[in-house]
Amino acid sequence: METMMIPDNDFLALTLKNPTALTPFEVAFSSGVGFIEETGILRLEPKQKSDINLVLSVGIHGNETGPIELVNQLVKAILEDRLVLNVRLLVIIGNPVSANIAERFCDVNLNRLFSGAWRNHEGIEVPRAQRLEQAVTSFFNESPKGSQRLHYDLHTAIRGSEYEKFVVYPFIGDAAYDKEQLAFLAASGIDAVLLSHQPTTTFSYYSSAVHGAHGFTVELGKVYPFGENDLSRFDSIKHTLTSLISDGFFQSDAVQLDNHPMKLFVVQDALLKDHEDYQLTISDDVKNFTEFEQGYELAHSSKSQYLVKATGDAIIFPNTNVPIGQRAGLVVRPITLNSLQLK
Ligand code: ZN
């Protein structure tokens, strides 16, 4: 493989200039070696042996530019020897074609295509999902035995949120939730954690379920176009990721989870669109985690009615613009840390 420079060490610019394909090449820097495996897929291997294998994916939705710029800064710092690489790192810019047209996706939502779900769809995202699965698979397959696997899939949202930064913790069945990861998320400025109730076809669930990684979908606030992001809003997670990358160290020791304000939620109900006339009774711009009183009629159709079961139950991801039979939102309920099984 040829060794070349990434022009200006700008992985993002290179990716956007070559949105559909890129011939693999090798990149040299002081603390390791990098491999452009395909457009938007950069694997960085440290000189020092490491027990941490970290996937950082951004731009799975093309218009979610803030995290893309954040991670591009980290890559640039590594390539320019301002940040020492001490973990195995796979950086993914998910959907450069849709990033170039400032759209969430082109043909189909890429974050619904993992764990083989791409087989049931058509469009430019389909081969991309397959390629990203391959990249993650070979990255984790090369991880040293007993080493730790991590995948943080970074997003921003169109909708506002009562908790600006929140993560979705994938469904883990009867397994225990990871204390160190929860503390790391708290140290990263995450305000709330939603514990998933079932398997799904997202990227982070794929890494969690198929590769045994600690994987999270991380929502970091609102969507802005390239160049208009106030990256200082990401200071906490930039700080924790920087020390993870350079020291292989989770900035979580300082966090007392027991009395930390980070909120935890479980899914209480999925709202199913059961008829063409299905409606939510809330305005289109209602924020994620908006709470309701017990008995409030949250949804109705000619076939059903949904009344809020307990005061404090909240809505997340409301969207009635889906086919009949699909999810129009989730009702979530706050829970306390000590009701969870932790390890
Ligand atoms: Zn997203």
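Cut-off values and rules
Residues numbered from 1 in each chain as written. Predicted model: local features only at pLDDT ≥ 70, side-chain atom pairs only at ≥ 80, totals over all residues. Heavy atoms only, no water. Donors = N, O, S within 2.8 Å, 3.2 Å for Na, K, Ca; no water. Tetrahedral: all angles 85-135°; square planar, octahedral: opposite > 155°, others 65-115°. Salt bridge = Lys/Arg side-chain N within 4 Å of Asp/Glu carboxyl O. Helix = DSSP H or I, 4+ residues; strand = E, 2+ residues; numbered from the N terminus. Buried < 20%, exposed > 50% of the residue type's maximum accessible area, 1.4 Å probe, protein only. Pairing = 2+ DSSP bridges. Domains from an automatic or database assignment. Contact = heavy atoms within 4.5 Å. Buried area = accessible area lost by both parts, 1.4 Å probe. Polar contact = N/O pair within 3.5 Å; in protein donor to acceptor, adjacent residues only side chain to side chain. Axes fitted to C-alpha atoms, helices over the stretch in contact; angles between N-to-C directions. Parallel < 35°, antiparallel > 145°, perpendicular 65-115°, else oblique. Left-handed = near helix turned anticlockwise from the far one by under 90°. Nonpolar A, V, L, I, M, F, W, Y, C, P; charged D, E, K, R; others polar.

Draft legend 1. Structural detail: the coordination of the zinc ion. For the zinc ion, the full set of protein donor atoms is H61 (ND1), E64 (OE), E64 (OE) and H155 (ND1), at a range of 2.0 to 2.3 Å. Between the 4 donor atoms coordinating the zinc ion, the angles at the centre fall across 58 to 145 degrees, so the site counts as irregular.

Draft legend 2. Representation of the pattern of salt bridges within the structure. A complete count under the given rule lists 12 salt bridges for this structure. Between K76 and E80 there is a salt bridge, and its shortest N-O distance comes to 3.2 Å. For D313, the salt bridge identified is with R333, shortest N-O distance 2.7 Å. Of this pair, D313 sits in the loop between β14 (305-307) and β15 (314-316) while R333 sits in strand β16 (residues 327-335), and the two are 20 residues apart along the sequence. In this structure D313 comes out as buried when scored by relative accessible area, which is 1%.

Draft legend 3. Examining the sheet that holds strand β13 (residues 297-300) more closely. The strand order β11-β13-β14 describes an open sheet built from 3 strands, whose pairing is antiparallel. Both outer strands of the open sheet, β11 (279-280) and β14, are each paired with one neighbouring strand and no more. Here β11 runs beside β13; their pairing, made up of 2 bridges, is antiparallel. Looking at β13, one finds that Q279 is bridged to H300.

Draft legend 4. Structural detail: the domain arrangement of the protein chain. Partitioning the protein chain into domains gives domain 1 (7-257) and domain 2 (263-338). Of the residues lining the interface, 15 residues belong to domain 1; the matching set on domain 2 comes to 19 residues. Around 1600 Å² of area is buried between domain 1 and domain 2 when both sides are counted, 64% of it from carbon and sulfur atoms. Summed over the three residues of domain 1 that lose the most area to domain 2, namely R159, Y163 and L194, the buried surface amounts to 36% of that side. Along the contact surface separating domain 1 from domain 2 lie 0 salt bridges. The interface formed by domain 1 and domain 2 contains 9 residue pairs in polar contact (both at pLDDT 80 or more). Among the secondary structure elements, those contributing two or more residues to the side of domain 1 that touches domain 2 are β7 (166-169) and β8 (192-195).

Draft legend 5. Representation of the packing of helix α4 (residues 125-141) against helix α6 (residues 203-211). At a minimum axis separation of 11 Å, α4 and α6 run at an interaxial angle of 40 degrees. With respect to α6, the element α4 is oriented oblique. At the point where α4 passes α6, the crossing takes the right-handed sense. In this structure, α4 contributes L132, E133, V136, T137 and F140 to the contact, and α6 contributes F203, Y206, S207 and H211. In the contact of α4 with α6, the residues fall into 5 nonpolar, 3 polar and 1 charged.

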